[in-house]
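Topology and contacts: notes
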Amino acid sequence: MLNDKGRPTRPEAADEAPATASTFTGNRALDVEEALIFEIGRAEVTGVDLPTPKGAKSRLGAHARTTPIALPGLAEPEAVRHYVRLSRKNYSIDAGLYPLGSCTMKHNPRLNEKMARLPGFADVHPLQPTGTVEGALEVIADVGRWLIELTGMAACAMSPKAGAHGELAGMMAIKAALSARGSSKPVVLVPESAHGTNPATAALIGFEVKSVPARADGTVAAADVKAAIDDRVGAIMLTNPNTCGIFEPEVAEIAAAIHDAGGYFYADGANFNAIVGKVRPGDFGVDAMHINLHKTFSTPHGGGGPGAGPVVLSERLAAFAPLPFVRIEAGRPVLVEDPSQTRAGETPYGRLAAFHGQMGMFTRALAYMLSHGADGLRQASEDAVLSANYVRASLQDLMTVAFPDHPSMHEVLFDDRFLEGTGVTTLDFAKAMIDEGYHPMTMYFPLVVHGAMLIEPTESESKASLDLFVATLRDLVMGAKAGDAARFTQAPRFSPRRRLDETRAARAPKLKWEKPVAAE
Ligand SMILES: *Cc1c(COP(=O)(O)O)cnc(C)c1O
C-alpha cells in the first residue's frame, strides 16, 4: 500500500530470511562484522598528532629499533567504533538474563559503581604511604568484618584475587596448621560433585586427592565420609549448598567426623548467595571458606570488574592467615606486610599476593552490603531461592529435575532425560537458547548428572523476566519433543558465528596474529 507520494505506508510482509543468508559486507542488520585491530589498523595512522621533538637525541644507541614497530594505528573515530562494536558483542548481565548456575550472575547496583569511582578509592596506589590511604584500609577491614559476621568465623584474609585463589589461601592455612602440629596428613577428601578447582587446588599444594562418591539423591553421606577417613586424611573440601543446588543435610555430622579425625573442613563458598543471613557456615563446622565477592556480593563477570576471593578462617586457622593483612590498632587501620610486624599468636604462612587485594571490588562489595543492610542481604538470599524454585516449579512437568527429593536452593539442576529420543543434546538445547536471546545455563556441570543443565536466575530478575524465560524454555522443549530437531542441531542460526570448535580453541589456541601471506 503506497500513499499519494509513492511511499509505502505499511511494511511489506518479508519472506522469512533463510538462516544462512549472507550480506555483501558480512554485517547482519545493524550488527556490524568487526575485523581484528591488526587487520584494520595501519602503522602510519594515529589518533594524536604530536610534533616531532626538536633536538632530542635517542639514547638507545645500538639498541635502537631498526624495523618499524608495526603496531596497528587508527584514527580516533575508527578506534571509538572498533571498541564500541566489540563491546556490543559482549553479552553481559546488563544486556539480559544470565542464568549461569554456580556463577551467581546478579545485577550490579549502580550505587556500587558510583562508590568505586570516588577518586579517593579509584585512584589509590598500592605503594602509597599507608598514612595517606587509611580510608581505603578501613574499607578492607570493614568488608572483612562483615564477612566474619555473616559467616560466624574468626578471621578473614582479604588478599586472594578470586575464588580459586581463596581456595589456595585457605588450603595453605590448613597445610600450615597441620604442619605446625607436626602431623602428616597428606590426603584431602573431595566429593565427586565438586567444582574442578577443589581437587586442582589440593593437588597443586601437594595433597593427594581422594574422591567421595555422591549418593543417588545428589548429596554427600556422612557415612561415606566416615568410611573414607583414616589417619592420613587432613581435610575435606565440600561445597554447601552443593553444586547440585542442594543444602547438604548431613553437613554438621560430616564436619564433626573430620574434626574428630584431627582434620579440617574447607567449604567452597561459591554458593553462599543461597544462605547469606540465614545460616552461618561457622555454625556447621567450617574451618575455611572462600567467598566470591564477584558472585554473592554483585559485580559478576561481565558486570563490573575482576574477581575477589577473601577467605574466612575459624579460630583454629586464624593465626595462619597470610600476609598482608589489615589490623585495627587503637581505632586506626595498620597494614601488616612483614613478619616483623606480627604479634604473639600471629603466624602467617607467608605472603600470598603482592598487594592487599582487589580494592575496586572491596568498595563495591561494601557499598552492596551497607545499602542492603542485614535484612536486605537476607531477603536477597530468600528471593534467589524463591526464583530458582519458581523456575523449577514452572518447568518440572516438561524437563527432568535431577534430584526431585530435595528442594532447590538458589539454583535448579535439570538432567537430559527429558530429551531422550528427540535427537537433541544438552549442547544443542543451549545453542537454541542463544537464538532466543538467552545466554545458556551452565551445562555438563556438575559431572554427577548426565547432560546437566544448572539454572541460577538470582534474586535480581523480575517475575515478568522469569516468566518469559520459562515460556521460552517450554517452547523449546515442546519443539524438541515435537520432532523439530533442526531448530537445535542447526543452532545457533542467528548469531554472527555458529558452532565453533571449542575443543581446538582450548587445546590449540592461536595467541599471536600473523599477517596472512598474500595469495599469488
Ligand atoms: C566460581 C566457582 C569457583 C571458583 O571461583 P573463581 O572466582 O572463578 O576462581 C569455585 N567453586 C565453585 C563451586 C564455583 O562456582
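Residues numbered from 1 in each chain as written. Predicted model: local features only at pLDDT ≥ 70, side-chain atom pairs only at ≥ 80, totals over all residues. Heavy atoms only, no water.

1. With respect to the packing of aromatic side chains
Selection rule: Two aromatic rings from Phe, Tyr or Trp, using only the six-membered ring of Trp, form a pair when their centres are within 6.5 Å; if the ring planes differ by under 30 degrees the pair is stacked, by over 60 it is edge-to-face, and anything between is tilted. Helix and strand definitions follow DSSP, with helices as H or I runs of at least four residues and strands as E runs of at least two, each counted in order from the N terminus. Three labels apply to residues, based on accessible area from a 1.4 Å probe with only protein chains included: buried if under 20% of the type maximum, exposed if over 50%, partly exposed otherwise in between.
According to the stated counting rule, one finds seven aromatic pairs in the structure shown. Ring geometry for Phe297 against Tyr368: centres 6.1 Å apart, planes inclined by 85°, an arrangement best described as edge-to-face. Placement of Phe297 in the loop between helix H10 (293-296) and strand E7 (311-313) and of Tyr368 in helix H11 (residues 359-395) is noted, with a sequence separation of 71 residues between them. The class of Phe297 is buried, set by a relative accessible area of 1%. Ring pairing ties together the aromatic residues Phe418, Phe429 and Phe488, which thus form one cluster.

2. Thoughts on the domain arrangement of the protein
Short version of the rule: Note that the domain bounds were set by an automatic or database domain assignment. Contacts are assigned to residue pairs that have any heavy atoms within 4.5 Å of one another. Any carboxyl oxygen of Asp or Glu that lies within 4 Å of a side-chain nitrogen of Lys or Arg is treated as forming a salt bridge with it. We call two N or O atoms a polar contact when they sit within 3.5 Å, provided that within protein one can donate a hydrogen and the other can accept it, with sequence-adjacent residues counted only if both atoms are side-chain atoms. Side-chain classes are defined by residue name, with Ala, Val, Leu, Ile, Met, Phe, Trp, Tyr, Cys and Pro counting as nonpolar, Asp, Glu, Lys and Arg as charged, and the others, Gly among them, as polar.
You can read the domains of the protein as domain 1 (111-368) and domain 2 (374-507). Once you take the C-alpha centre of each, domain 1 and domain 2 turn out to be 30 Å apart. With 28 residues of domain 1 in contact, the opposing surface of domain 2 contributes 20 residues. Applying the counting criterion to the domain 1 and domain 2 interface returns one salt bridge. Along the contact surface separating domain 1 from domain 2 lie nine residue pairs in polar contact (both at pLDDT 80 or more). Of the residues belonging to the side of domain 1 that touches domain 2, the class tally is 15 nonpolar, 10 polar and three charged.

3. Here we look at the site of the ligand
Convention followed: We call a residue near a molecule or strand as soon as one heavy atom of that residue lies within 4 Å of the molecule or strand. In these tables, accessible area is a Shrake-Rupley quantity obtained with a 1.4 Å probe, and a residue counts as shielded only by the protein chains included in the view.
In the vicinity of the ligand, the contacting residues are Ser102, Ala162, Gly163, Ala164, Glu167, His195, Thr197, Asp268, Ala270, Asn292, His294 and Lys295. With respect to the ligand, the side chain of Ser102 contributes an N or O atom lying 2.7 Å from an oxygen atom. Measuring from an oxygen atom of the ligand, one finds a backbone N or O atom of Ala164 at 2.8 Å. Across the complex, the protein chains shield 86% of the 380 Å² of accessible surface that the ligand would expose by itself. When residues of the shell around the ligand are traced back to their parent elements, those giving at least two are helix H6 (163-180) and H10. A per-element tally of the shell around the ligand places H6 first, with three residues.

4. Remarks on the packing of helix H12 (residues 426-435) against helix H13 (residues 463-481)
Formally: Interaxial angles span 0 to 180 degrees and are taken between N-to-C directions of axes, which are lines fitted to C-alpha atoms, for helices over the stretch in contact. Any angle that is under 35 degrees is reported as roughly parallel, and any over 145 degrees as roughly antiparallel; angles of 65 to 115 degrees are reported as roughly perpendicular and all others as oblique. By the definition used in this description, the sense in which the near helix is turned from the far one sets the handedness, with an anticlockwise turn below a right angle giving left-handed and a clockwise turn giving right-handed.
Where H12 meets H13, the axes come as close as 11 Å, and the angle between the chain directions of the two elements is 130°. Considering the angle they form, H12 stands oblique to H13. The hand of the H12/H13 crossing is right-handed. In this structure, H12 contributes Phe429, Ala432 and Met433 to the contact, and H13 contributes Phe469, Leu473, Leu476 and Val477. Here the contact of H12 with H13 is composed, by residue class, of seven nonpolar, no polar and no charged.

5. So, the nonpolar core
What counts here: Among the buried residues, those of types Ala, Val, Leu, Ile, Met, Phe, Trp, Tyr and Cys that are joined through side-chain atoms within 4.5 Å form a nonpolar core.
Counting 54 residues, the largest nonpolar core has Leu147, Phe265, Phe297 and Phe362 as its most contacted members. Contributions of two or more residues to this core are made by helix H5 (134-151), strand E2 (187-191), helix H8 (222-228), strand E4 (233-239), helix H9 (251-260), strand E5 (264-268) and H11. By residue number, the principal contributor to this core is H11, which donates 10 residues. Mapped onto the domain boundaries, this core takes at least three residues apiece from domain 1 (111-368) and domain 2 (374-507). If we skip the residues at most four places from it in the chain, Phe362 touches Val139, Ile140, Val143, Met158, Leu293, Ala308, His356 and Gly357. Core analysis: the second largest hydrophobic core is formed by 28 residues, Phe414, Ala430, Tyr438 and Met441 among them.

6. Here we look at the pairing of strand E9 (residues 332-336)
Selection criterion: The rule for pairing is simple: two strands pair if DSSP sees at least two bridges between them.
Here strand E8 (residues 325-329) pairs with E9 via five bridges, running antiparallel. Among the inter-strand pairings, Phe325 is bridged to a residue of E9, identified as Val336.

7. Comments concerning H13
Put simply, the rule reads: Multiplying 1.5 Å by the helix residue count minus one yields the expected span of that helix.
Its 19 residues place the ends of H13 27 Å apart at the C-alpha level, agreeing with the 27 Å of an ideal helix rising 1.5 Å per residue. Burial in H13 covers these residues: Leu466, Phe469, Val470, Thr472, Leu473, Leu476, Val477, Gly479 and Ala480. Contacts made by the buried residues of H13 are with H11, H12, strand E13 (453-455) and helix H14 (486-489).

8. Focus: unusual backbone geometry
Across the junction of Asn240 and Pro241, the peptide omega takes the value -10°, indicating a cis bond. Here Pro241 lies in the loop between E4 and H9. One non-glycine residue, Ser102, lies in positive phi territory at about 80°. Assignment of secondary structure puts Ser102 in the loop between helix H2 (76-88) and helix H3 (110-116). By relative accessible area, Ser102 is classed as buried at 8%.

9. What to know about the side chain of Lys185
Defined as follows: Residues scored as charged are limited to Lys and Arg (positive) and Asp and Glu (negative), so that His and the chain ends carry no count.
As for its position among the elements, Lys185 is in the loop between H6 and E2. Buried within the structure, Lys185 lacks any salt-bridge partner; Asp231 is the closest side chain of opposite charge, at an N-O distance of 5.7 Å. At a separation of 2.9 Å, a polar atom in the side chain of Lys185 contacts the main-chain carbonyl oxygen of Asp231. Those residues in contact with Lys185 that lie beyond four places of it in its chain are Leu178, Phe207, Asp231, Arg232, Val233, Gly234, Ala261 and Gly262.

10. As for the pattern of salt bridges
One pass over the structure, following the stated rule, counts 31 salt bridges. Between Asp142 and Arg145 there is a salt bridge; the shortest N-O distance is 3.7 Å. Highlighted residues: Asp142 and Arg145, both in helix H5, separated by three residues, approximately one helical turn. When its relative accessible area of 27% is taken as the criterion, Asp142 is described as partly exposed.

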